[in-house]
Amino acid sequence: MSSSTWIGGLILALGLWISPVMADEHGSAVVQQLTERGTDGCLKCHSSESNNPVVSVLHTPHFMAGDPNAPVSDKGCEGCHGASSEHAKKLAEEKEHLRVPPEVNWGPKMAKSSIESRNTACLSCHEKGIVINWAGSAHDTDDVACSDCHSSHLQRDPSLDKYSEADVCFACHKTEQIEANKPSHHPMREGKVTCSDCHNPHGSVGPASVLDATINDTCYRCHAEKRGPFLWEHQPVAEDCTNCHFAHGSTNERLLKVARPFICQQCHTANHHQSSIYDGDDVAITVTDTDIARQLTSKACTNCHSQVHGSNHPSGVRRTR
């Protein structure tokens, strides 16, 4: 092979590597370049009167032309969608089905690009702040695309709206949706809290993608009075709030996992206590004594042990005050 032939082949290979490559209907490589008209050319076909309108994107942060950090400021629509010269070519109506998609396409009428390429387009700008822990997060490892949750062309992204965000999450998280509709629940249905008040869907250093390093610290954002430190600690409270409470909803009051007094008796099973229904070996016994039965009726441990989360009273060793 001559040196000129070898150099020519190398230049061609580099050109294909640097330029965006698509495939036509025959599977042949199609190299796309940036269009000359840019956004004006895109909006000619994607106008409000077209079958594929995207003009709502003009009212989003992505299209703030005066912002040097906005993707549109440099390459227009191709700042996100990549080079689209082949996509923008004029075709006869009967050949519309052969139109090549942009380098990065989110659908819906053309084949979507790979999840990796779509997410890379988003992460090229959104790489800091709440997205900094995306790599290796639960959604990342489950191959969730940014566009599975976000609608970047809409003026009001449902994922960023407090009143519609939960519905976006519930599209996948059905168990949590069921729990949130139980009688005792965090006020998500009422629009007072939403998923991102507790979770970072882009990943976090804490379990279950909670905002803080621990579940307790996340709960204390709202329930600061439970934080302590207390003179008399209640061990399961200090360990994890979810030892006793469900996070999203419950059929028991106060999101308890088990109704009172049984929630307490899962750990406190000492015999001879006035509310005990277990023997010393954690075996349930039949309550026949009238006085014990009367004391159990409509009673709960917290009627006496009211400071169940912790106490600072000198005589509060049993968290009764």
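Look a little higher up for the structure.
Residues numbered from 1 in each chain as written. Predicted model: local features only at pLDDT ≥ 70, side-chain atom pairs only at ≥ 80, totals over all residues. Heavy atoms only, no water.

Colleague: Looking at this structure, I do not really get the environment of Met 64. What am I missing?
Modeller: Turning to its location among the elements, Met 64 is positioned in the loop between helix H2 (39-45) and helix H3 (72-75). With a relative accessible area of 48%, Met 64 lands in the partly exposed category. In this structure Met 64 touches Ala 70 and Val 72, once residues within four positions along its chain are discounted. (Helix = DSSP H or I, 4+ residues; strand = E, 2+ residues; numbered from the N terminus. Buried < 20%, exposed > 50% of the residue type's maximum accessible area, 1.4 Å probe, protein only. Contact = heavy atoms within 4.5 Å.)

Colleague: Is there a simple way to explain unusual backbone geometry in this structure?
Modeller: Residues other than glycine predominantly adopt negative phi, and peptide bonds predominantly adopt the trans conformation. Cis geometry marks the peptide bond from Gly 228 to Pro 229, where omega comes out at 5°. Mapping Pro 229 onto the fold places it in the loop between helix H10 (215-219) and strand E4 (232-233). That bond from Arg 260 to Pro 261 is cis: its omega, 0°, falls within 30 degrees of zero. You can see Pro 261 is positioned in the loop between strand E5 (249-250) and helix H12 (262-265).

Colleague: Could you clarify how one ought to interpret the environment of Ala 166 in this entry?
Modeller: With respect to the helices, strands and loops of the structure, Ala 166 is situated in helix H8 (residues 165-170). Remark: the alpha-carbon pair of Ala 166 and Glu 176, spanning ten residues in sequence, is separated by 9.8 Å. When near neighbours in sequence (up to four residues on either side) are disregarded, Ala 166 contacts Met 188, Thr 194 and Cys 195.

Colleague: Help me understand the side chain of Arg 118, please; the structure alone is not making it clear to me.
Modeller: Mapped onto the fold, Arg 118 is located in helix H5 (residues 115-123). Of the side chains with opposite charge, Asp 148 lies nearest to the buried Arg 118, which makes no salt bridge, at 4.6 Å. The residues contacting Arg 118, other than those within four sequence positions of it, are Val 104, Asn 105, Trp 106, Lys 112, Ser 113, Ala 145 and Ser 147. (Lys, Arg positive; Asp, Glu negative; His and termini not counted. Salt bridge = Lys/Arg side-chain N within 4 Å of Asp/Glu carboxyl O.)

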